[in-house]
Every structure is written in structure tokens, then in C-alpha cells.
Amino acid sequence: MAETQGKVITCRAAVAWGPKEPLVIQEICVDPPQEMEVRVKILYTSICHTDLGTWTGVNEAERAFPRILGHEAVGVVESVGEGVKDVKEGDYVIPTFNGECGECRVCKKEVSNLCERYKVDPMKRLMVNDGGTRFSTTTNKDGGSSQSQRIYHFLNTSTFTEYTVLDSACVVKIDPNAPLKQMSLLSCGVSTGVGAAWNTAKVKEGTTTAVFGLGSVGLAVAEGARARGASRIIGVDANASKFEKGKVMGVTDFINPKDLTKPVHERIRELTRGGVDYSFECTGNVDVLREAFLSTHAGWGSTVLVGIYATPRTLPLHPMELFDGRKITGSVFGGFKPKSQLPSFAQQCMKGVVKLEPFITNELPFEKINDAFQLLRDGKSLRCLLQIAKFLKK
Ligand code: NAD
Ligand code: ZN
Ligand code: ZN
């Protein structure tokens with residue numbers, strides 16, 4: 001049994017104190033896990049665009065500070081609360097922002113991964129059990145003394161910390177022999193993208209695909225489509241430096257909207273005799289979503305939206321445009337049910353069905369987390385891995 005079991009742990013975390021304010025690495029207190037909760041020592045974490053969006057505070061309703069952001073990680077279980085059966089101290093795990101309780105009506109059906117109790121909720125900042133937080137400050141943001149203040153949770157996970165507490169529904173056990181750094185990618189970006197291609201669109205061999213936005217999520221869509229035998233994968237990005245990486249993930253054609261004098265969908269229709277079979281929106285921009293929708297073939301084209309839209313603007317489509325027979329749907333966490341489906345997805349990744357190495361473009365120590373944010377903001381990284389804890393593998 002861990003000597004910390006049942007006790008408050010004092011450790012370091014990167015705390016967000018306000019929109020666009022640099023994160024502060026500071027000491028915090030982490031309470032023991034309550035019933036059906038798990039306390040995890042985070043080994044590696046990385047930054048996804050959704051962390052960036054929340055940190056910049058574009059969507060006012062989502063703002064909650066001080067807060068510990070982060071949702072892509074890998075760690076080891078330090079202790080578990082009462083009733084937790086499927087993980088135990090010492091297990092290697094990945095946190096997932098979209099949980100699976102295994103008992104609600106949705107969890108019992110195959111058709112959806114949006115668990116009634118633990119599905120992703122960007123507004124959620126408190127634990128379900130008692131409406132409290134498991135994090136609190138020991139100092140103010142300048143390191144001076146102040147009354148202890150609660151720190152909000154984020155996206156069921158909060159991984160920018162040496163220790164975090166999660167609902168056990170959001171913790172997935174992984175093979176201890178798996179490459180841990182790469183497993184962190186399955187917490188969000190890679191599972192989201194590959195799953196959007198495999199589970200939501202169900203990309204078939206010999207089909208054509210267009211991917212809008214070649215960050216980790218979009219490139220994971222491309223990698224998923226490549227693995228399913230798509231014959232043509234058109235990558236669209238306004239940052240030309242993403243094209244090199246795209247080739248490794250099976251992208252066959254590139255379009256930079258800045259190089260065109262016509263809308264992107266017109267170019268895609270020209271290239272593909274009327275449009276692609278599937279398109280994926282992975283930028284989080286509603287105007288791009290319209291281009292993605294119109295770039296599929298009339299009659300059967302299918303658009304999957306994956307990007308997160310912070311603006312209050314609604315879908316830019318005329319209802320009559322749906323009479324052309326194009327379909328549009330959204331995908332959360334790639335449609336994967338985390339506990340029941342990620343372990344076998346991880347196995348497939350380890351067998352090389354999906355390549356994970358190319359997604360980790362940078363590595364930095366935890367203290368440099370603000371530099372890692374900047375790399376993603378500047379479009380210079382896919383995933384920058386931050387090592388949080390040193391660990392000895394058993
Ligand atoms: P990223 O910042 O790494 O990549 C976004 C890419 O889009 C960049 O390469 C950028 O150059 C490109 N881009 C932005 N605006 C563009 C435009 N107008 N035209 C063409 N290209 C443009 O982000 P990421 O981590 O890959 O995440 C992508 C999106 O997916 C984000 O909106 C994120 O919040 C969302 N997301 C959704 C889920 C889900 O479950 N649905 C999960 C994870 C991330
Ligand atoms: Zn994410
Ligand atoms: Zn459920």
C-alpha cells in the first residue's frame with residue numbers, strides 16, 4: 001500500500017489563474033480519492049488544442065480559475081477510493097475526458113460513447129461525488145502566503161500536475177509494457193482522430209477523404225483513413241509546414257486555402273470528380289466546416305465534425321443544401337467507449353496498425369509548459385510531451 005494512501009499529497013502543478021495568463025508552476029494539495037475515484041501520479045502529459053481554447057478563455061461560459069488544465073496523459077495509480085475494482089495501485093493508466101460508467105443506458109448500448117454520467121462536459125469543474133474539488137492552493141500565484149483556495153478541475157481529467165484525482169469512469173488501464181510516452185496520445189488526439197475515421201465515418205477501402213486542419217487530430221484522421229485503405233487523402237491546412245508531416249500519415253494531396261482564388265470545396269470537387277466520400281473538420285472554424293460539408297460528393301458524401309467551436313455562431317448551412325444528400329455528424333473522442341474499446345485500440349497501435357511516433361514532435365521538462373503552449377499556438381508542434389514525474393518501471 002502506498003504510504004500516501006488516505007493522506008493529502010503536496011506536489012507541483014501548473015495552475016491557470018486567468019485567460020491567457022502564463023501557467024504558474026506551484027505547490028498544491030491533492031486530496032485522497034473518494035468513493036469510485038482514483039488518484040494518479042502523472043508521468044507524461046501533452047497539450048491539445050482544447051487546452052489552448054480553454055486557457056485563452058474564448059468561451060466565457062467555460063471560464064473557471066484557478067484551474068488545472070490538461071487531458072492527454074499517462075500515469076500510474078497511486079491509490080483508489082472505495083468501490084473501485086477495475087484498477088489498483090501500481091497500474092499504468094491513461095485518463096480519458098469522456099468517461100464510461102458501464103451502467104447507464106448509453107453505456108449499455110453499442111451505438112454511442114456519450115455516457116450519461118461522465119460524458120465530456122466543458123462546463124464541469126467540480127467532482128460528481130460531493131460537488132467539491134480535490135485540489136487546493138498552498139500559496140497564491142506569486143508564491144506568497146494566502147488562505148487556501150480551491151482549484152477547479154477540467155474535462156474530467158486535469159493532468160498538468162504531479163498528482164490528479166479522477167472518477168474511475170475516466171481511467172483506462174493499459175498494458176504496462178506499452179510505450180508509455182506514446183500511450184499518452186490515446187488520451188485524446190490520436191483516439192479522437194483515428195476513431196472519427198474508423199467508428200464515426202467508417203472509412204472504407206478505396207474511398208476518398210478530405211481532412212481540414214492537419215494538427216494531431218486531423219493527422220490522426222488521415223492515419224486512420226490510410227490504415228483503412230483510403231485511396232486518396234486530401235489534406236487542407238493554412239500552415240504549409242504541416243504538409244511534410246502529412247505525407248508520413250498517408251496524405252496524398254495538399255491544399256493551402258491561401259494559394260487558391262476559389263473556395264476549397266470547388267478545388268476538391270475538381271480533383272475528385274464531384275467530391276470526396278468523407279470529409280473531416282478538425283480546425284474548429286465554422287466557415288471551414290461549410291467548406292468541408294460542400295467538398296463531399298452529393299448523394300452519399302459524409303462530413304464528420306471534430307473541431308470545437310468556441311464562437312456563438314451556428315452552422316452555416318442553408319436547409320435546402322441538405323437535400324443534396326450529403327450527411328453531417330459530430331464525433332466525440334472518436335466514438336470510442338474508453339474502458340471497453342481503448343485497450344484493444346492500444347494493442348493495434350502497438351502492432352503498428354496506426355503509427356504513433358510521428359505525433360510526438362517535441363519534448364520538454366514540465367517547467368517549460370508555457371513554451372509548449374507557445375509551440376502549439378504558433379503551429380510549430382503536433383504534440384509536445386512534458387515529463388512530469390521520474391519513474392522506475394517495474
Ligand atoms: P492543432 O492546433 O494542432 O491543429 C489545428 C490545425 O488547423 C492547425 O494545423 C492549423 O494550421 C489548422 N487551421 C486552423 N484554422 C484553419 C483554417 N481556417 N483553414 C485551414 N487550416 C486551419 O489542434 P488539434 O489539437 O489537432 O485539435 C483540432 C481541433 O479538434 C480543435 O478544435 C480541438 O479543440 C478539437 N478536438 C476535438 C475533440 C473531440 O472529441 N471532438 C477532441 C480533441 C480535440
Ligand atoms: Zn484533446
Ligand atoms: Zn455510462
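All values reported here derive from a predicted model rather than from experimental measurement.

Rules of the game
Residues numbered from 1 in each chain as written. Chains lettered and ligands numbered in written order. Predicted model: local features only at pLDDT ≥ 70, side-chain atom pairs only at ≥ 80, totals over all residues. Heavy atoms only, no water. Donors = N, O, S within 2.8 Å, 3.2 Å for Na, K, Ca; no water. Helix = DSSP H or I, 4+ residues; strand = E, 2+ residues; numbered from the N terminus. Buried < 20%, exposed > 50% of the residue type's maximum accessible area, 1.4 Å probe, protein only. Near = heavy atom within 4 Å. Polar contact = N/O pair within 3.5 Å; in protein donor to acceptor, adjacent residues only side chain to side chain. Areas by Shrake-Rupley, 256 points an atom, 1.4 Å probe, with all protein chains shown as cover. Nonpolar A, V, L, I, M, F, W, Y, C, P; charged D, E, K, R; others polar. UniProt positions renumbered as here; feature names shortened; annotations may be inferred. Expected span 1.5 Å × (residues − 1). Contact = heavy atoms within 4.5 Å. Tetrahedral: all angles 85-135°; square planar, octahedral: opposite > 155°, others 65-115°.

### What to know about the coordination of the zinc ion (ligand 2)
Around a metal, the idealised angle for a tetrahedral arrangement of four donor atoms is 109.5 degrees; for an octahedral arrangement of six donor atoms it is 90 or 180 degrees. Coordination of the zinc ion (ligand 2) by the protein comes from Cys48 (SG), His71 (NE2) and Cys188 (SG), over a distance range of 2.0 to 2.3 Å. Read N to C, the donor residues that coordinate the zinc ion (ligand 2) are spaced as C-x22-H-x116-C. Taken as a pair, Cys48 in the loop between strand E3 (37-46) and helix H1 (49-56) and Cys188 in the loop between helix H3 (180-183) and helix H4 (189-201) lie far apart in primary sequence, 140 residues in all. A residue is classified by how much of its surface remains accessible, and Cys48, at 3% relative accessible area, is buried.

### Observations regarding the site of ligand 1
Around ligand 1, the structure places 28 residues, and the nearest of them are His49, Thr50, Asp237, Val306 and Phe333. Contact distances for ligand 1 include 3.0 Å between an oxygen atom and a backbone N or O atom of Ile308. Compared with its free state, where it exposes 870 Å², ligand 1 has 87% of that area covered by protein. At the level of elements, H1 and helix H5 (216-227) are the ones that each hand at least two residues to the shell around ligand 1. Among the residues making up the shell around ligand 1, the classes are represented as 13 nonpolar, 12 polar and three charged.

### Quick notes on the UniProt feature "domain: Alcohol dehydrogenase-like C-terminal" (unreviewed entry) in the protein chain
Mapped onto this structure's residue numbering, the UniProt feature "domain: Alcohol dehydrogenase-like C-terminal" (unreviewed entry) falls at residues 217-339. Structurally, residues 217-339 is divided into 30% helix and 16% strand, and its ends, taken at the C-alpha atoms, are 21 Å apart.

### Here we look at H5
Relative to the 16 Å expected for 12 residues at 1.5 Å per residue, H5 spans 16 Å between its end C-alpha atoms, a close match to the ideal helical length. Residues of H5 that are buried: Ser216, Val217, Gly218, Leu219, Ala220, Val221, Ala222, Glu223, Gly224 and Ala225. The inward-facing, buried residues of H5 contact H4, strand E10 (208-212), strand E11 (232-236), helix H6 (242-248), strand E13 (278-281) and strand E17 (383-387). Phi for Gly229, located one or two positions after H5, is positive at around 85 degrees.

### Describing the coordination of the zinc ion (ligand 3)
Donor atoms from the polypeptide that coordinate the zinc ion (ligand 3) comprise Cys101 (SG), Cys104 (SG), Cys107 (SG) and Cys115 (SG), at 2.3 to 2.4 Å from the metal. Seen from the zinc ion (ligand 3), its four donor atoms lie at angles of 104 to 117 degrees, and the figure they make is tetrahedral. Counting residues between consecutive donors of the zinc ion (ligand 3) along the chain gives the motif C-x2-C-x2-C-x7-C. Here Cys104, found in the loop between strand E5 (92-95) and helix H2 (105-108), pairs with Cys115, found in the loop between H2 and strand E6 (135-137); they are 11 residues apart in sequence, far enough to count as distant. Accessibility expressed as a relative area gives 8% for Cys104, which makes it buried. Cys115 gets classed as buried once you look at its relative accessible area, which sits at 1%.

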